[in-house]
Amino acid sequence: MRRIIFAAAVIFALLTVGEASAQRIANGEKIPKFKAEHWLEDIIPEDADYTYIEFIRSSSMPCIESCHKMKRHADNSERPMRMIFITREEPCRIHHSIRECLGRYAGVLIDDSGRIFEEFGIQYVPFGVIIDRKRHAIWFGNPLTTDNAYLKKIIEEE
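Residues numbered from 1 in each chain as written. Predicted model: local features only at pLDDT ≥ 70, side-chain atom pairs only at ≥ 80, totals over all residues. Heavy atoms only, no water.

Engineer: How should the sheet that holds strand β2 (residues 50–55) be read in this particular structure?
Structural biologist: Within a beta sheet, neighbouring strands are joined by backbone hydrogen bonds and run either parallel or antiparallel to one another. Sheet architecture is open: 6 strands sit in the order β1-β4-β3-β2-β5-β6, paired in mixed fashion. Both outer strands of the open sheet, β1 (38–39) and β6 (137–141), are each paired with one neighbouring strand and no more. Pairing of β2 with strand β5 (residues 127–131), which is carried by 5 bridges, proceeds in the antiparallel orientation. When the bridges of β5 are listed, Ile-53 appears paired with Val-129. On top of the sheet, helix α2 (residues 61–76) reaches β2, β3 (81–87) and β4 (106–110); it is set at about 165 degrees to β3, its chief contact. This element, helix α5 (residues 148–156), spans β2, β3, β5 and β6 of the sheet and lies at about 155 degrees to β6. (Pairing = 2+ DSSP bridges. Helix = DSSP H or I, 4+ residues; strand = E, 2+ residues; numbered from the N terminus. Contact = heavy atoms within 4.5 Å. Axes fitted to C-alpha atoms, helices over the stretch in contact; angles between N-to-C directions.)

Engineer: When you look at the pattern of salt bridges in this model, what are you seeing that I'm missing?
Structural biologist: When charged atoms on two side chains of opposite charge get close, those side chains can pair. Overall, the coordinates contain 7 salt bridges when judged by the stated rule. Its salt-bridge partner being Arg-133, residue Asp-49 comes within 3.1 Å of it at the nearest N-O pair. With Asp-49 in the loop between β1 and β2 and Arg-133 in the loop between β5 and β6, the pair connects residues that are 84 residues apart, well separated along the chain. Between Lys-71 and Asp-75 there is a salt bridge, and its shortest N-O distance comes to 3.1 Å. Of the two residues, Lys-71 and Asp-75 both sit in helix α2, 4 residues apart, roughly one turn of that helix. A cluster of three or more residues bridged by salt bridges with shared partners is formed by Asp-47, Asp-49, Arg-79 and Arg-133. (Salt bridge = Lys/Arg side-chain N within 4 Å of Asp/Glu carboxyl O.)

This is the structure:
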């Protein structure tokens, strides 16, 4: 019986290892290039010294919470930060709470094909990345695990 359980565990491990992949982001390295397919309501955020990219699903409460949190942080920051929220959803299905985050420096990029999610290796949402003007990642992870003081420190140290 132990051998059967052990064999099943080994087979399961081998099958899942082949499917597991991490985000293709590393601090200090350039992020993958991506091309905008189209923007929600044709709102393209203005450029800034730093860009925050967040992968979302608008029906997800953690994603809604994260978008509003990052928008508040950007609005209260001394330095403007461009915010790009990326979703694979159809524009007509994007929750109104996400639309509330649109603004001068914030827009929602529609990834119709899912190619941007794939290029970044996104496995969960919300997932955020802060990049500098040269497209180098200076922070990445779950934005709900950070606070304003930490985010401010990240940008100030650059």
